[in-house]
Every structure is written in C-alpha cells, then in structure tokens.
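# Close look at the chain arrangement
So the chains spell out like this:
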Amino acid sequence: VVAIDGPSGVGKSTAARKLARELGVPYLDTGAMYRAVALAVLDRGADPSSEEAVLAIAGQADVGLHSRDDGSFEVLLDGQPVETRIRAPRVGEAASQVSTYPAVRQRLVALQRTCARRFGGVLEGRDIGTKVFPDTPHKFFVTARAEVRYRRRFEQLRELGKDVTYDEVAREMEARDRRDASRADSPLLQDGTYTEVDTSDAPVDEVVARMVATVRGRRREATMDS
C-alpha cells in the first residue's frame, strides 16, 4: 500500500495513477469518495455545514467502488458514476466540510481499508499516511507552490467545461487548505514519516520515477532485513 497525501492542485491524482500502473496495483482517489457524499448532500438541498443533515444523508447514500479495466477504482453514488459532477468547485467546497465529520470519515475509511487490504493499491488523499494506513512504509507528501496549484486546478476545471474564474478557484482552494489543516479529526499533516515531493517544477514522469525508485528500494531493504 502506497500513501500519497497533500493539498489540492499538487498533481497527486496524476502521479498516483501513473505510479499505480508502474507498480501493477490499483489506484484509489479517496477524495472522490468524500466528494460523492458532498454531491449527495447538495443534490438533496441540504446544508453541508449541518452535521446532523449530512450524517442523515450519508447514512442513506450508497457510496461504492467499481473496478475499471485499467485497474483503478471508480467512485459510484447510488450505483451511478459521478466523476464529472464531483469536480465542480461547489462540490469541492462541500466535500471539505463533510469530511470534517468523524462519522463520515469512519465509514469511508473502512471502505478504503477493505479495498486496499484485499488488492493493495496507491491511495491518494489527505490522511492516508497518518490515519488510514499509518504503518505503511511507502508514504509521499506532495507539495507545490500556491500559484502553481491554483493555476493547475483552474486549467483542470476549464478542461472539464466548468465556467469558473481563476480568482474563484484560488479562494476556494485557500479556504479548503485552512479547513483541511485545522479540522479536529484527521487533519492534513506532514508528520515527518513521509518522503516529501515538490512538483512545482518537476514533470510528472520525473516525479513518478522518483516514487517508483523509492518504493522498490524500500521493498528490497525489507526483503534483505527479513
């Protein structure tokens, strides 16, 4: 199991997908699972800041995982793929709110652990290496300069056909960074157990090559020690 954590816009998803292919294990975007819960909340017209309302909806929403042919997992909501819908800025904003509720996190973390323990995998999120799989030796904390992160996310959303401005994206990401770092349960945290990777100026293939070398090196060391 490989844990990749870090804030939005650092290129975690792209790197994680490529790393999973290189290692021959599944890829799981855990953030998409929280976005699916947030989408269910918004679709029902509920307030994401109301813990009671969110928990009631989360308890009924069927958030599941479907294995794709390429080995990755696709997040489903009530049996339907929702990838294009969960990338809207308002869903990301709501996701950072619903992810602060321990009951929501406990439910989704249980699903993440079940899948990874059965199949292995590269899991990408914000608390994989600190809460979901704290004992894995393969942990990467991915960072990038703020302006680089904002530009990447803006361009990603525009490619998806979302009508957003750069300033809107920057404000949403700044707010999410604050919430992710300050939430009481499972905050985004570089706790010193990670290998830190700055993607500001590095091509994704270079980033992935460094990760592959690190994982394989540690596996060789573990084999020698045993």
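Worth saying up front: this structure is predicted, and the values here are computed from it rather than measured. (Residues numbered from 1 in each chain as written. Predicted model: local features only at pLDDT ≥ 70, side-chain atom pairs only at ≥ 80, totals over all residues. Heavy atoms only, no water.)

## A look at the pattern of salt bridges
The condition is simple: By definition here, a salt bridge exists when the distance from a side-chain nitrogen of Lys or Arg to a carboxyl oxygen of Asp or Glu is within 4 Å. Only DSSP runs of H or I with at least four residues qualify as helices, and only runs of E with at least two residues qualify as strands; both kinds are numbered from the N terminus onward.
On inspection of all chains with the given rule, the structure shows 15 salt bridges. Residues Glu93 and Arg179 are paired through a salt bridge, measuring 3.3 Å at the closest nitrogen-oxygen approach. In this pair, Glu93 sits in helix 5 (residues 89–98) while Arg179 sits in helix 9 (residues 166–182), placing the two residues 86 residues apart along the sequence.

## Let's talk about the layout of surface pockets
Note the following rule: Here a cavity is any set of points on a 1 Å grid over the protein atoms alone where a 1.4 Å probe fits but cannot get out, and a pocket is any open set with protein on both sides within 12 Å along at least 5 of 7 lines; a residue lines the site when it has an atom within 4 Å of a point. Grid points are joined across faces, edges and corners, and a volume is the space filled by probe spheres set on the points. Three classes are used: nonpolar for Ala, Val, Leu, Ile, Met, Phe, Trp, Tyr, Cys and Pro, charged for Asp, Glu, Lys and Arg, and polar for all others, with Gly counted as polar.
Taken as a whole, the largest pocket encloses approximately 700 Å³ of empty space. If you trace the largest pocket, you find 31 residues lining it, with Gly11, Ser13, Thr14, Arg153 and Gln156 closest to the centre. If you list the elements that add at least two residues to the lining of the largest pocket, you get helix 1 (12–23), helix 2 (30–43), helix 4 (83–86), helix 8 (146–159) and helix 10 (204–225). Considering only residue class, the lining of the largest pocket consists of nine nonpolar, nine polar and 13 charged.

## Describing the sheet that holds strand 8 (residues 195–198)
Sheet strands pair via backbone hydrogen bonds, and the direction of the pair is either parallel or antiparallel. Applicable threshold: The pairing criterion for strands is at least two bridges between them, as found by DSSP. Throughout, an axis means a line fitted to C-alpha atoms (over the contacting stretch in the case of helices), and angles, computed between N-to-C directions, take values from 0 to 180 degrees. Contacts are assigned to residue pairs that have any heavy atoms within 4.5 Å of one another.
Spatial ordering of the open sheet is given by 2-6-1-7-8, a layout of five strands whose pairing is parallel. At either end of the open sheet lies a strand with only one pairing partner, and these are strand 2 (27–29) and strand 8. Each adjacent strand pair in this sheet contributes to an overall mean axis angle of 20 degrees, direction not counted. Those strands touched by helix 2 are strand 2 and strand 6 (122–125), and its axis lies near 40 degrees from that of strand 2. Along the sheet face, helix 10 touches strand 1 (2–5), strand 7 (138–143) and strand 8 and points at about 160 degrees away from the line of strand 7.

## Things to note about the sheet that holds strand 4 (residues 73–77)
In space, the three strands of this open sheet follow the order 3-4-5, with antiparallel pairing throughout. Where the open sheet ends on each side, the last strands, each with one partner, are strand 3 (63–67) and strand 5 (80–81). Strand direction decides the pairing type here: strand 4 and strand 5, joined by two bridges, are antiparallel. Directly across from Leu77, in strand 5, lies its bridge partner Gln80. Where helix 2 meets the sheet, it contacts strand 3 and strand 4, and its direction lies at approximately 15 degrees from that of strand 4.

## Things to note about the nonpolar core
The nonpolar side chains of a soluble globular protein tend to be buried, and buried together. Where we set the bar: Residue types Ala, Val, Leu, Ile, Met, Phe, Trp, Tyr and Cys, when buried and joined through side-chain atoms within 4.5 Å, form a set referred to as a nonpolar core. Here the term buried applies to any residue with accessible area under 20% of the maximum for its type, exposed to any over 50%, and partly exposed to those in between, with areas from a 1.4 Å probe on protein chains only.
Within the largest apolar cluster, 38 residues are counted, with the highest numbers of intra-cluster contacts made by Val37, Val63, Leu77, Val91, Val98, Val104 and Leu108. Ranked by residues supplied to this core, first place goes to helix 2 with 10 residues. Setting aside its immediate chain neighbours within four residues, Val98 contacts Tyr34, Val37, Ala38, Val41, Pro48, Val54 and Val104. Ranked by size, the runner-up nonpolar core spans 20 residues in total, among them Ile4, Val142, Ala144 and Val215.

## Focus on the packing of helix 3 (residues 51–60) against helix 6 (residues 102–119)
The test is simple: Angles are sorted into four bins: roughly parallel if under 35 degrees, roughly antiparallel if over 145, roughly perpendicular if 65 to 115, and oblique for all others. Definitions for this section: a left-handed crossing has its near helix turned counterclockwise from the far helix by less than a right angle. A right-handed crossing has that turn clockwise.
Contact geometry for helix 3 and helix 6: axes closest at 9 Å, N-to-C directions at 25 degrees. Of the possible angle classes, the one that applies to helix 3 and helix 6 is roughly parallel. The hand of the helix 3/helix 6 crossing is left-handed. Contacts from Glu51, Val54, Leu55, Ala58 and Gly59 in helix 3 reach Pro102, Ala103, Val104 and Arg107 in helix 6. Partitioned by chemical class, the residues of the contact of helix 3 with helix 6 number six nonpolar, one polar and two charged.

## Here we look at helix 3
To keep things clear, this is the line we draw: To obtain the arc, one takes the directions from the helix axis to the C-beta atoms.
Among the residues making up helix 3, those that are buried are Val54, Ile57 and Ala58. An end-on view of helix 3 places all buried positions within 100 degrees of arc, on one side of the element. Of the residues in helix 3, the exposed ones pointing more than 90 degrees away from the buried face are Glu52, Gly59 and Gln60. On its buried face, helix 3 is in contact with helix 2, helix 5 and helix 6.

## Some details on the packing of aromatic side chains
Convention followed: Any two of the Phe, Tyr and Trp rings considered here, Trp counted by its six-membered ring, make a pair once their centres fall within 6.5 Å; the pair's planes then place it as stacked at under 30 degrees, edge-to-face at over 60, or tilted in between.
Evaluated as defined, the whole model comprises three aromatic pairs. Here Phe73 and Phe119 contribute two aromatic rings whose centre-to-centre distance is 5.8 Å and whose plane-to-plane angle is 55 degrees, an arrangement assigned as tilted. A residue pair is termed long-range when its members are at least 10 positions apart, and Phe73 in strand 4 and Phe119 in helix 6 qualify at 46 residues. The exposure class assigned to Phe73 is buried, which follows from its relative accessible area of 10%. Both rings, one in Phe154 and one in Tyr166, keep their centres 6.1 Å apart while their planes meet at 80 degrees; by these two values the pair is edge-to-face.

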